[in-house]
Amino acid sequence: YFSSDEAVATAEGSVITAVGGGSATVTAKLDTVAVAGAITLNVLAPPSDPAPTPTYAAGDVVALFSDAYLQVPVDTWRAVWSACGPVEDFAIGDDGVKAYTGLVYAGIEFITHQINATDMTHVRLDVWAPTGTIFRLKLVDFGADGIFGGGNDSQWELVFHGASDPAFVAGQWSVLDVPLTRFNLNSRSHLAQIVISSSDARTVFV
């Protein structure tokens, strides 16, 4: 296999790897004989700059994933019931992000170490997508028994788009810093899941 632009896609043996944003055409030869046909890869470039660094005092933060704060344990960034591709750890400079591909919906679970956010005021998620107009964020509280399906669970989903406050806009970091009161939960003492989803943003960096 041969790539027309190795800054976009490399071809080594029978493996083709996307490495950067842009378009590349991959062709093939059998020994010295050109094989009929070609494949054009249109690769979406990841963000070139990291997400804005939050400035909250460390004592006021419970962080699931952050280079700025100590992190609490997370069971999984892709629950088994998720509808998305694999979640990859990705670096933008020295800043770590979670990269979701093929996103329809994905469950982030911290059931083993549920969070008591009763005295917290906001939830913040920094999101970057190359394309798309809709991003959804759901919080799930397991209720006083701390068990899913125990009869006292509550959940609430917010939808973000170009006209929402805060806004979700493709091609830039969308800082979704949202008062927890906007999530109409019965309780915030046993938060156990976050669900992210989209109808048209299939690649999302968080």
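### As for the sheet that holds strand S15 (residues 191-197)
As a general point, the strands of a sheet are linked pairwise by backbone hydrogen bonds and lie either parallel or antiparallel.
Alright, step 1. Across the sheet, which stays open at both edges, the 4 strands sit in the order S10-S15-S12-S13 with antiparallel pairing between neighbours. The strands lining the two open edges of the sheet, one partner per strand, are strand S10 (105-109) and strand S13 (154-160). Taken pair by pair, the neighbouring strands of this sheet meet at an average axis angle of 15°, ignoring direction.
Alright, step 2. In this sheet, S15 lies alongside S10 in antiparallel orientation, the contact comprising 5 bridges. Counted as the bridge partner of Ile108 is Ile194 from S15.

### Thoughts on the environment of Ala91
Alright, step 1. With respect to the element layout, Ala91 can be found in strand S8 (residues 87-92).
Alright, step 2. As for Ala91 and Gly13, which are separated by 78 residues in sequence, their C-alpha atoms are 27 Å apart.

### Quick look at the sheet that holds strand S16 (residues 204-205)
Alright, step 1. Taking strand neighbours across the sheet as the criterion, the 3 strands line up as S8-S9-S16 in an open arrangement whose pairing is antiparallel. Looking at which strands have only one partner, the edges of the open sheet turn out to be S8 and S16.
Alright, step 2. By the bridge criterion, 2 bridges tie strand S9 (residues 95-100) to S16 in an arrangement that is antiparallel. Note on S16: the bridge partner recorded for Ala99 is Phe205.

### Considerations on a nonpolar patch on the surface
Alright, step 1. Taken together, Val80, Trp81, Val104 and Tyr105 make up a surface patch of nonpolar side chains, about 400 Å² in accessible area.
Alright, step 2. Here Val104 lies in the loop between S9 and S10.
Alright, step 3. With a relative accessible area of 36%, Val104 lands in the partly exposed category.

The rules behind each value
- Residues numbered from 1 in each chain as written.
- Predicted model: local features only at pLDDT ≥ 70, side-chain atom pairs only at ≥ 80, totals over all residues.
- Heavy atoms only, no water.
- Pairing = 2+ DSSP bridges.
- Helix = DSSP H or I, 4+ residues; strand = E, 2+ residues; numbered from the N terminus.
- Axes fitted to C-alpha atoms, helices over the stretch in contact; angles between N-to-C directions.
- Patch = residues over 30% accessible without salt bridge, like charges linked within 9 Å, V, L, I, M, F, W, Y side chains within 5 Å.
- Areas by Shrake-Rupley, 256 points an atom, 1.4 Å probe, with all protein chains shown as cover.
- Salt bridge = Lys/Arg side-chain N within 4 Å of Asp/Glu carboxyl O.
- Buried < 20%, exposed > 50% of the residue type's maximum accessible area, 1.4 Å probe, protein only.

Any functional reading would require information beyond the geometric quantities listed.
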